[in-house]
Amino acid sequence: METTTDRNDIKSFTFEELMEQVCALGQPAYRAGQIFQWLHEKQAASFAEMTNLPADLRRILEERFELVTVKQEQVLISAIDGTRKYLFALPDGNVIESVMMRYQHGNSVCISSQVGCRMGCRFCASTLDGLERNLRPSEMLEQIYRIGRDTGERISNVVVMGSGEPLDNYEHLLRFIRLLTDGRGLHISQRNITVSTCGLVPQMRRLAEEKLQITLALSLHAADDETRRQLMPVARRYSLREVLGACDDYFQKTGRRMTFEYSLVGGVNDTPSHAEALARLLKDRHGHVNLIPVNPIKERDYVRSERKTVEAFKNHLEKYGINVTIRREMGRDIQGACGQLRRSCLSSRT
Ligand code: SAH
């Protein structure tokens, strides 16, 4: 279902493509710079706002191109930590969610990459209704642009860890990264972007070849194939050996350390022997482990590990010299877990 960019989705064009379009309209090349700046730096919501363009050019743009924007349907603000959870409506009426988290080192936005998801991870709310469609690059950018506008604050970090599997929407993801890091736009540093994958091996290998400086996070969740297959259907397609081989390749080719995410599910993957297996698997891999106590969803009966089990798991890994953190839980009071807000919105619509 790899979709190419729509021919008229102007916000998804790279600078070079925009230049071609502008020249084809018989306009001077510098207009491309002006339009790009309106779209990606000033984040104009309409062509009418582009006041340094001649009126007839604005009219032509209006006729030929779609200016994709997302509409803020709802925002929930956590009373605990100031985390903001947004529900956005896309031009076709689908809804997606994005989150802004405030950290000492700056603001981080977590975006969705697809409407729904087809990966089927057992504990995840985003996948319960399957995949609706891929998001376009413009729709990924818009989540960040709207949040920046709404808060008036600078966004320094972007994590592609919301609903959807980003590497299942590869072309659009890459285009999104190029636009987000473009010096003429928001100019976010590649090092401040993290892409999280459930482990699509061919795409991970392809990503390593792009030689980007982004962080790749692998959702590992188990250190043996059998447990991983129970939690994640994708593990039936790719064994741990294959997926970790792709991680090693990513590190070798880019010099970027991997992040390994491990959601702790009570009684399923959180015992001392699971910790031992994980430590052995990762001890020579120079990665960082992020432990996430599972966020139970009502459609499944998985339970969260107890606090002391989580601590013991962490200590076990540290004994092997593994770099490990327990993910600080943000926005617990506002349905912070992937896909929960969107689902409650959908069920209230019917
Ligand atoms: N598809 C990508 C990114 C989206 S999910 C991926 O699989 O990595 C981001 C992270 O949250 C993943 O590690 C995912 O497994 C985890 N996750 C999803 N639902 C969760 C839940 N209810 N509790 C804890 N972690 C969850």
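Residues numbered from 1 in each chain as written. Predicted model: local features only at pLDDT ≥ 70, side-chain atom pairs only at ≥ 80, totals over all residues. Heavy atoms only, no water.

A. The overall build of the chain, seen in detail. Scanning the chain from terminus to terminus reveals 12 helices and 12 strands. Relative to the globule expectation of 20 Å for 350 residues, the C-alpha radius of gyration of the chain, 21 Å, shows essentially globular dimensions. Projected onto its principal axes, the C-alpha coordinates of the chain cover approximately 70 × 45 × 40 Å. Counting across all 350 residues of the chain, residues that qualify as buried make up 56%. (Helix = DSSP H or I, 4+ residues; strand = E, 2+ residues; numbered from the N terminus. Rg over C-alpha atoms; globule rule 2.2 N^0.38 Å. Buried < 20%, exposed > 50% of the residue type's maximum accessible area, 1.4 Å probe, protein only.)

B. Seen up close, helix H5 (residues 170-181). Taking 1.5 Å per residue, 12 residues should reach 16 Å; H5 reaches 17 Å between its end C-alpha atoms and fits that length. Of all the 12 residues making up H5, 10 are buried; the element is thus mostly covered by neighbouring parts of the structure. (Expected span 1.5 Å × (residues − 1).)

C. Just the site of the ligand, in detail. Of all residues adjacent to the ligand, which total 16 residues, the nearest are Glu-165, Ser-196, Ser-219, His-221 and Asn-295. A distance of 3.5 Å is found between an oxygen atom of the ligand and a backbone nitrogen or oxygen belonging to Cys-198. Computed on the free molecule, the ligand has an accessible area of 540 Å², of which 94% lies beneath the protein chains in the complex. Elements with a contribution of two residues or more to the shell around the ligand: strand S8 (193-197) and strand S10 (259-264). (Near = heavy atom within 4 Å. Polar contact = N/O pair within 3.5 Å; in protein donor to acceptor, adjacent residues only side chain to side chain. Areas by Shrake-Rupley, 256 points an atom, 1.4 Å probe, with all protein chains shown as cover.)

D. Region of the structure containing the domain arrangement of the chain. Looking at the chain, the domain boundaries give domain 1 (10-64) and domain 2 (71-349). In this structure, domain 1 and domain 2 have C-alpha centres spaced 34 Å apart. Taken residue by residue, the interface counts 17 residues in domain 1 and 14 residues in domain 2. Contact between domain 1 and domain 2 buries roughly 1300 Å² in total, counting both sides, with carbon and sulfur atoms accounting for 50%. Among the residues of domain 1 in contact with domain 2, Lys-11, Ser-12 and Gln-43 are the three that bury the most area, contributing 45% of the side total. (Domains from an automatic or database assignment. Contact = heavy atoms within 4.5 Å. Buried area = accessible area lost by both parts, 1.4 Å probe.)

E. A look at the environment of Leu-128. With respect to the secondary-structure elements, Leu-128 resides in the loop between strand S5 (114-116) and strand S6 (131-134). The class for Leu-128 is partly exposed, based on a relative accessible area of 23%. Sequence separation between Leu-128 and Glu-299 is 171 residues, and the spatial gap between their C-alpha atoms is 8.6 Å. Excluding residues within four positions of it along the chain, Leu-128 makes contact with Ile-297, Glu-299, Arg-300 and Arg-343.

F. Looking closely at the packing of helix H4 (residues 137-151) against H5. Orientation of H4 relative to H5, taken along the N-to-C sense of each, is 45°, at an axis distance of 8 Å. Judged by the angle between their axes, H4 and H5 are oblique. Of the two elements, H4 crosses H5, and the hand of that crossing is right-handed. Residues Pro-137, Met-140, Leu-141 and Ile-144 of H4 form the contact with H5, whose participating residues are His-172, Leu-173, Arg-175, Phe-176, Leu-179 and Leu-180. (Axes fitted to C-alpha atoms, helices over the stretch in contact; angles between N-to-C directions. Parallel < 35°, antiparallel > 145°, perpendicular 65-115°, else oblique. Left-handed = near helix turned anticlockwise from the far one by under 90°.)

G. Representation of the pattern of salt bridges in the model. Taken as a whole and assessed by the stated rule, the structure comprises 27 salt bridges. A salt bridge links Asp-182 to Arg-184, with the shortest nitrogen-to-oxygen separation between them at 3.0 Å. Here the salt bridges share partners, and the residues they tie into one network are Glu-66, Asp-92, Arg-133, Arg-136 and Glu-139. (Salt bridge = Lys/Arg side-chain N within 4 Å of Asp/Glu carboxyl O.)

H. Structural context of the pairing of S8. Counting buried positions along S8 gives 5 out of 5 residues, so the element sits mostly inside the fold. The alternating pattern of S8 places Ile-193, Val-195 and Thr-197 on one face and Thr-194 and Ser-196 on the opposite face, and all of these are buried. With 3 bridges connecting them, strand S7 (residues 157-160) and S8 associate as parallel partners. The residue bridging Val-160 from the neighbouring strand is Val-195, located in S8. (Pairing = 2+ DSSP bridges.)

I. Fine view of the pairing of strand S2 (residues 84-89). Of all 6 residues that make up S2, 6 are buried, and the element is covered over most of its length. By the bridge criterion, 6 bridges tie strand S1 (residues 71-77) to S2 in an arrangement that is antiparallel. Residue pairing across strands places Gln-72 opposite Phe-88, the latter belonging to S2. Connecting the antiparallel pair S1 and S2 is a turn made up of 6 residues, with Gly-82 showing a positive phi of about 75°. Across 6 bridges, S2 lies against strand S3 (residues 95-103) in antiparallel orientation. The residue of S3 that forms the bridge with Arg-84 is Met-100. Following S2, the chain reverses through 5 residues before pairing antiparallel with S3; Gly-93 in that reversal takes a positive phi of roughly 95°.

J. Fine view of the sheet that holds S8. Spatially, the 10 strands line up as an open sheet ordered S1-S2-S3-S4-S7-S8-S9-S10-S11-S12, and their pairing is mixed. In the strand order of this sheet, the two ends are held by S1 and strand S12 (323-326), each with one partner. Here the average twist between neighbouring strands, direction ignored, is 20°. Each of S1, S2, S3, strand S4 (106-110) and S7 touches H4; the most contacted strand, S2, lies at about 125° to it.

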